[in-house]
Amino acid sequence: MQLVENTNWPSMTRLILSASWQTAFHVHYNRLPVLLHCSHGWDRTSQVAALSQLLLDPHYRMREGFSTLVEKDFLSFGHPFHTRCGHGEGKNEQGGDEGQLSPIFIQFLDCIFQLVNQF
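Presented here is an overview of the structure given in this document. (Residues numbered from 1 in each chain as written. Predicted model: local features only at pLDDT ≥ 70, side-chain atom pairs only at ≥ 80, totals over all residues. Heavy atoms only, no water.)

This part takes up unusual backbone geometry. A positive phi is found at Asn-8, a non-glycine position, where the angle reads about 65°. Residue position: Asn-8 is located in the loop between helix H1 (2–6) and helix H2 (9–28). Taking the relative accessible area as the measure of exposure, Asn-8 reaches 44% and is therefore partly exposed. The backbone phi angle of Arg-31 is positive, close to 55°, even though this residue is not glycine. Using a relative accessible area of 67% as the deciding quantity, one classes Arg-31 as exposed. (Helix = DSSP H or I, 4+ residues; strand = E, 2+ residues; numbered from the N terminus. Buried < 20%, exposed > 50% of the residue type's maximum accessible area, 1.4 Å probe, protein only.)

When you line up the elements, Ser-20 lands in helix H2. A polar contact of 2.8 Å, which involves the side chain of Ser-20, links it to the backbone oxygen of Ile-16. Excluding anything up to four places from it in sequence, Ser-20 contacts Gln-47, Val-48, Leu-51, Ser-52 and Leu-55. (Polar contact = N/O pair within 3.5 Å; in protein donor to acceptor, adjacent residues only side chain to side chain. Contact = heavy atoms within 4.5 Å.)

For the structure shown, the criterion picks out one salt bridge. Where Lys-72 meets Asp-73, a salt bridge forms, and the shortest distance between an N and an O atom there is 3.2 Å. Classification of Asp-73 by relative accessible area gives buried; the value is 4%. (Salt bridge = Lys/Arg side-chain N within 4 Å of Asp/Glu carboxyl O.)

Moving on: helix H3 (residues 44–56). For H3, with 13 residues, the first-to-last C-alpha span of 18 Å sits near the 18 Å given by 1.5 Å per residue. Listed as buried for H3 are Thr-45, Ser-46, Gln-47, Val-48, Ala-49, Ala-50, Leu-51, Ser-52, Gln-53 and Leu-54. (Expected span 1.5 Å × (residues − 1).)

Counting 16 residues, the largest nonpolar core has Leu-51, Leu-54, Phe-74 and Phe-108 as its most contacted members. Every element with two or more residues in this core is listed here: H2, H3, helix H4 (63–75) and helix H6 (104–118). Of all the elements, H6 adds the most residues to this core, at six residues. With residues up to four places along the chain from it excluded, the contact list for Leu-54 reads Tyr-60, Arg-61, Phe-66, Leu-69, Phe-108 and Ile-112. (Core = buried A, V, L, I, M, F, W, Y, C linked by side-chain atoms within 4.5 Å.)

Nothing here speaks to function; it is all geometry.
What follows is the structure, encoded as structure tokens:
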């Protein structure tokens, strides 16, 4: 378990779920608009926006709605799946940026797994 903690994965999962809950709370209960933006606009922004919508709208909890959500909040935002997951460009190429590897979409799926198991 210590090896998992050393990756900060559980801490990041908690932060993402917390930000998603706060976003959904302000939209639903306070009827406030929310602006989400991370440094690039396609990592944490996509995760928090999509998770908030899952919390707010039951349509996105169905197969077709979930597909729409992923297309809308990850693909349309230009999420770089190929570099984040280490598939395709940048991998093992000279001058490729290995610092771009980050399992953002896998982390998003893990957050959904945590929500499903808790609620």
